Amino acid sequence: GQQLNQSPQSMFIQEGEDVSMNCTSSSIFNTWLWYKQDPGEGPVLLIALYKAGELTSNGRLTAQFGITRKDSFLNISASIPSDVGIYFCAGQGGSEKLVFGKGTKLTVNP
Amino acid sequence: NAGVTQTPKFRVLKTGQSMTLLCAQDMNHEYMYWYRQDPGMGLRLIHYSVGEGTTAKGEVPDGYNVSRLKKQNFLLGLESAAPSQTSVYFCASSPGRGVGQFFGPGTRLTVL
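Conventions we followed
Residues numbered from 1 in each chain as written. Chains lettered and ligands numbered in written order. Predicted model: local features only at pLDDT ≥ 70, side-chain atom pairs only at ≥ 80, totals over all residues. Heavy atoms only, no water. Pairing = 2+ DSSP bridges. Helix = DSSP H or I, 4+ residues; strand = E, 2+ residues; numbered from the N terminus. Axes fitted to C-alpha atoms, helices over the stretch in contact; angles between N-to-C directions. Contact = heavy atoms within 4.5 Å. Buried area = accessible area lost by both parts, 1.4 Å probe. Salt bridge = Lys/Arg side-chain N within 4 Å of Asp/Glu carboxyl O. Polar contact = N/O pair within 3.5 Å; in protein donor to acceptor, adjacent residues only side chain to side chain. Nonpolar A, V, L, I, M, F, W, Y, C, P; charged D, E, K, R; others polar. 1 Å grid on protein atoms, 1.4 Å probe; cavity = no way out; pocket = protein on both sides within 12 Å on 5 of 7 lines; lining within 4 Å. Points joined across faces, edges and corners; volume = space filled by probe spheres on them.

Trainee: Looking at this structure, how should I read the sheet that holds strand β8 (residues 73–78) of chain B?
Mentor: Residue and element names in this part refer to chain B. Strand order in the open sheet formed by four strands is β1-β3-β8-β7, with antiparallel pairing between adjacent strands. In this open sheet, the two edge strands, each paired with only one partner strand, are β1 (4–7) and β7 (65–67). Each strand axis lies, on average, 20° off the axis of its neighbour in the sheet, ignoring direction. Relative to β8, strand β3 (residues 19–25) is paired through six bridges, and the arrangement is antiparallel. When the bridges of β8 are listed, Leu 22 appears paired with Leu 75.

The following block contains the structure:
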């Protein structure tokens, strides 16, 4: 089946630093999504991307839909302690189903 | 709007017992999904539904059954629970294809 490679698996950064994570796929997707999951909670949709090359921001978060449609990245600028959590990418092709990456665990040291 | 809600939040079962997890959404979404999340495995799709009265198998459907008798509800059943089904279960809903899914808060299930 389809798989997404999400990297890095974990990150330890200082408050105020910028963060970058990415996902790559062997398949083409029509939609890329980025979710954040806090401990004990369900994933929350942060950003949705629908067009190759699209660059979308949500506050300090910026995500891009790769030109090849096989990759996407998420940047977080000026990290703060509440950015801690697990970030998941997800891609959707022609079906009703999403393919998820295995997540990037972010730790922010104050 | 409550969004996606799940009942119960926690449950402990003994091997062989049965139970039903309830998912409800008040957003009039057509599509609903059940996932399980295990450490290091990410989110894996169990079953999903593209409309009232329809269900389909996902990536890991064995040992589970589902029903979608009403548009707003999606039930996940375990007929004979096994320790391998210890996990956190998430329900999600979506208004359509390619527009993202919205998740509930999860049910933490332990099978002894």
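Trainee: Would you take a moment to explain the interface of chain A and chain B for this structure?
Mentor: The interface is formed by 19 residues belonging to chain A together with 20 residues belonging to chain B. When chain A packs against chain B, close to 1600 Å² is buried across both sides, 57% of that on carbon and sulfur atoms. Seen at the junction of chain A and chain B, the total is one salt bridge. Residue Arg 97 of chain B pairs with Glu 96 of chain A through a salt bridge whose shortest N-O separation is 2.8 Å. Connecting chain A to chain B are five residue pairs in polar contact (both at pLDDT 80 or more). Those elements that place two or more of their residues in the side of chain A that touches chain B are β4 (31–37) and β9 (85–92) of chain A. No other element matches the four residues that β4 of chain A contributes to the side of chain A that touches chain B. Its residues assigned to classes, the side of chain A that touches chain B comprises eight nonpolar, seven polar and four charged.

Trainee: How do you make sense of the layout of surface pockets when you look at a structure like this?
Mentor: With a probe scaled to a water molecule rolled over the atoms, the places where space remains empty come into view. Roughly 740 Å³ of volume is contained in the largest pocket. Taken together, 32 residues line the largest pocket, and the ones lying closest to its centre are Gln 37, Pro 39, Ile 86 and Phe 88 of chain A together with Gln 37 of chain B. Every element with two or more residues in the lining of the largest pocket is listed here: β9 and β11 (104–109) of chain A together with β4 (31–38), β9 (87–94) and β11 (107–111) of chain B. The element contributing the most residues to the lining of the largest pocket is β11 of chain A, with four residues. In the lining of the largest pocket, the residues fall into 11 nonpolar, 14 polar and seven charged.

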